[in-house]
Amino acid sequence: MFNKQERLQGRLEPEIREFRDASQTLVLATVDNAGTPNVSYAPFALLEDGYYILISEMARHTKNLLNNPKISLMMVADEQDSRTLFARKRLTFDARPERVTRDTPAWQVGIDALRARFDETVDGLSQLEDFHLFRLVPLKGLFVKGFGQAFAVSGDDLVDVLHLTDGHRSVASAS
């Protein structure tokens, strides 16, 4: 007999995977050494060990990642595909960035995965010295389907889907 958690897991995991797999870019939130935040994006390829991105050190987000390993990533539904802009479907993760060393087997695996998704553009970019390959390892996250539908997820295996029950509360009316 399935318990409530197993039913929730069985229903949500395919939906989360479908949403994630339909995304081609990640929104990246990084921080510099002074604590100044920066938001940007990068195309990605997902493998079993994390999200792979190929980014230039000329970009602020790359400089931030090279100096400060704090990062959050997000995939978010397009505005035109959302019933309300106040509750767009989204998947967010805190992640651990790992720089992949050039000309290693791990580098080739990541570049091959990016090339499979984004064609020969990756070949040209990967030959530029200022481009770095990062593996972003998801730690903990949140899947939001809409109002009152937020679910904690763990890493990318999504094994621990947990419905967040603390909901919105109305402002007490003044008498």
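Below is a short write-up of the structure. (Residues numbered from 1 in each chain as written. Predicted model: local features only at pLDDT ≥ 70, side-chain atom pairs only at ≥ 80, totals over all residues. Heavy atoms only, no water.)

**Points about the overall build of the protein chain**
When helices and strands are counted, the protein chain shows four helices and nine strands. Listing every helix and strand of the protein chain by position from the N terminus yields α-β-β-β-β-α-β-β-α-α-β-β-β. Counting across all 175 residues of the protein chain, residues that qualify as buried make up 39%. If you take every contact in the protein chain between residues at least 6 apart in sequence, the share linking residues at least 24 apart comes to 63%. Carbon and sulfur atoms provide 53% of the accessible area of the protein chain, an area that totals close to 10,800 Å². (Helix = DSSP H or I, 4+ residues; strand = E, 2+ residues; numbered from the N terminus. Buried < 20%, exposed > 50% of the residue type's maximum accessible area, 1.4 Å probe, protein only. Contact = heavy atoms within 4.5 Å. Areas by Shrake-Rupley, 256 points an atom, 1.4 Å probe, with all protein chains shown as cover.)

**With respect to the pairing of strand 7 (residues 131–146)**
Strand 7 sits mainly inside the fold: 12 of its 16 residues count as buried. Inspection of the sheet shows strand 4 (residues 50–56) paired to strand 7 by six bridges, in the antiparallel sense. By the bridge assignment, Tyr-51 is partnered in strand 7 with Leu-136. Joining the antiparallel neighbours strand 7 and strand 8 (residues 149–154) is a turn of two residues, in which Gly-148 adopts a positive phi near 70°. (Pairing = 2+ DSSP bridges.)

**Describing the side chain of Arg-135**
Tracing the backbone shows Arg-135 in strand 7. Reaching out from Arg-135, the side chain makes a polar contact with the side chain of Tyr-52 at a distance of 2.8 Å. (Polar contact = N/O pair within 3.5 Å; in protein donor to acceptor, adjacent residues only side chain to side chain.)

**With respect to helix 3 (residues 105–118)**
The terminal C-alpha atoms of helix 3 lie 20 Å apart, and with 14 residues this matches the ideal 20 Å at 1.5 Å per residue to within 8%. By the burial criterion, the buried members of helix 3 are Trp-107, Gly-110, Ile-111, Ala-113, Leu-114 and Phe-118. Viewed along the axis of helix 3, the buried residues span an arc of 160°, placing them on a single side of the element. Pointing more than 90 degrees away from the buried face of helix 3 are the exposed residues Pro-105 and Ala-116. Considering only its buried residues, helix 3 is in contact with strand 2 (37–43), strand 3 (45–47), strand 4, strand 6 (90–100), helix 4 (121–126) and strand 7. Positive phi shows up at Asp-119, right after helix 3, with a value of about 65°. (Expected span 1.5 Å × (residues − 1). Arc of directions from axis to C-beta.)

**Some words on the nonpolar core**
The biggest cluster of nonpolar side chains holds 23 residues, and the ones touching the most others in it are Leu-26, Ile-53 and Leu-136. Going through the elements one at a time, helix 1 (4–22), strand 1 (25–31), strand 4, strand 5 (71–76), strand 6, strand 7 and strand 8 are the ones with two or more residues in this core. Setting aside residues no more than four positions away along its own chain, Leu-26 makes contact with Ser-40, Tyr-41, Ala-42, Phe-44, Tyr-51, Ile-53, Leu-73, Met-74, Met-75 and Leu-136. Of all hydrophobic cores here, the second largest spans 12 residues; its members include Tyr-52, Leu-54, Leu-114 and Leu-133. (Core = buried A, V, L, I, M, F, W, Y, C linked by side-chain atoms within 4.5 Å.)

**Describing the environment of Gly-35**
As for its position among the elements, Gly-35 is in the loop between strand 1 and strand 2. Assessed through its relative accessible area of 45%, Gly-35 is described here as partly exposed. Sequence separation of Gly-35 and Asn-68 is 33 residues, and the distance between their C-alpha atoms is 9.3 Å.

**Structural notes on helix 2 (residues 60–67)**
The set of residues buried in helix 2 consists of His-61, Thr-62, Asn-64 and Leu-65. Looking straight down helix 2, one finds its buried side chains confined to an arc of 160°; they lie on one side. Taken together, the buried residues of helix 2 touch strand 1, strand 2, strand 4, strand 5, strand 6 and strand 7.

**Re the environment of Ala-95**
Topologically, Ala-95 is positioned in strand 6. For Ala-95, a relative accessible area of 6% puts it in the buried group. For the pair Ala-95 and Val-137, spaced 42 residues apart in the sequence, the C-alpha separation amounts to 5.2 Å.

So far we have only geometry, and geometry alone does not tell us how the molecule works.
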